[in-house]
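Structural description and commentary
If you want the building blocks of each chain, they are given just below.
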Amino acid sequence: GAVVSQHPSRVICKSGTSVKIECRSLDFQATTMFWYRQFPKQSLMLMATSNEGSKATYEQGVEKDKFLINHASLTLSTLTVTSAHPEDSSFYICSARSTWQGPSGGSSSYEQYFGPGTRLTVT
Amino acid sequence: GENVEQHPSTLSVQEGDSAVIKCTYSDSASNYFPWYKQELGKGPQLIIDIRSNVGEKKDQRIAVTLNKTAKHFSLHITETQPEDSAVYFCAATPRTGRRALTFGSGTRLQVQP
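Below is a short write-up of the structure. (Residues numbered from 1 in each chain as written. Chains lettered and ligands numbered in written order. Predicted model: local features only at pLDDT ≥ 70, side-chain atom pairs only at ≥ 80, totals over all residues. Heavy atoms only, no water.)

On to the pattern of salt bridges. By the definition in use, this model includes seven salt bridges over all chains. Between A:Lys66 and A:Asp88 there is a salt bridge, with the nearest N and O atoms lying 2.9 Å from each other. On the criterion of sequence distance, the pair formed by A:Lys66 in the loop between β6 (57-58) and β7 (67-73) and A:Asp88 in the loop between β8 (76-81) and β9 (90-102) is long-range, its members being 22 residues apart. Each member of the pair, A:Lys66 as well as A:Asp88, carries the same accessibility label: buried. Notably, a salt bridge pairs B:Arg51 with A:Glu111, separated by 3.6 Å at the nearest N-O pair. With B:Arg51 in strand β5 (residues 45-51) and A:Glu111 in strand β10 (residues 105-114), this residue pair bridges two chains. Owing to a relative accessible area of 18%, A:Glu111 belongs among the buried residues under this scheme. In this structure, a network of salt bridges that share partners links the residues B:Lys37, B:Glu39 and B:Lys42. (Salt bridge = Lys/Arg side-chain N within 4 Å of Asp/Glu carboxyl O. Helix = DSSP H or I, 4+ residues; strand = E, 2+ residues; numbered from the N terminus. Buried < 20%, exposed > 50% of the residue type's maximum accessible area, 1.4 Å probe, protein only.)

In structure tokens:
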């Protein structure tokens, strides 16, 4: 259980084009998903929190108009890198936290499960 | 906001030896501390976690200890094997709000056969 997939796993695009990355929770529902970026030999940096049915919350310094996030369902979030430039080349990773309806309302787990990542190269 | 520091940045051990990685956190409101293993070109994999209401948790060769007073937690791997070689990240998350993870800088563990 707790499997998160990402598509594509690897993408090369030309400077100025846009790229969409999908993140899916395969066997659980996720009200909240997170998008991270990781540069070589560095830690994961949170870019934004994706909330189903509402606007994403972006971290300081992350351009919301450049990194468009859509969380259309409880199992799918997408990250679109618009007008990509070589400096956007990185490893993009999503994570998801399972959510369920308890007797007194919604609840979510602490555990976050990560996707396999998407390697973006902008030429 | 939360700040997580992790040491050492690299660790080399002989197969069969133990490995210990330490992290400190700054936000006393944090109450969930997971550890992730990341192999080259892959996403992080949750290997063990601990909540602030316990001091130690063990799962076969892996254990995590937490000292809330000192705000530090550690990962212990016993009887290391070559397949344990990877980058390990600690993280912390607060009890409320978005509960987003703040990661440490990572430890590259190399187990020499």
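Following the structure, the description resumes.
Moving on: the pairing of strand β2 (residues 10-13) of chain A. Residues and elements named next belong to chain A. Alternating residues of β2 divide into Val11 and Cys13, all buried, and Arg10 and Ile12, none buried. Sheet topology places β2 next to strand β11 (residues 118-122); four bridges connect them, and they run parallel. Paired with Ile12 across the two strands is Thr121, which belongs to β11. (Pairing = 2+ DSSP bridges.)

What follows covers the environment of A:Ser54. All names here are of chain A. The topology assignment puts Ser54 in the loop between β5 (45-51) and β6. In this structure Ser54 comes out as partly exposed when scored by relative accessible area, which is 45%. Separated by 20 residues in sequence, Ser54 and Phe34 have C-alpha atoms that sit 14 Å apart.

Take the state of the cysteines next. Residue and element names in this part refer to chain B. Counted under the stated rule, the structure contains two disulfides over all chains. The side chain of Cys23 participates in a disulfide bridge whose partner is Cys90; the two sulfur atoms lie 1.9 Å from each other. On the sign convention where negative means left-handed, the S-S torsion of about -100° between Cys23 and Cys90 marks this disulfide as left-handed. Taken together, the residues span a long stretch of sequence, with Cys23 in strand β3 (residues 19-25) and Cys90 in strand β9 (residues 86-94) at a distance of 67 residues. Just as Cys23 is buried, Cys90 falls in that class too. (Disulfide = S-S within 2.5 Å.)

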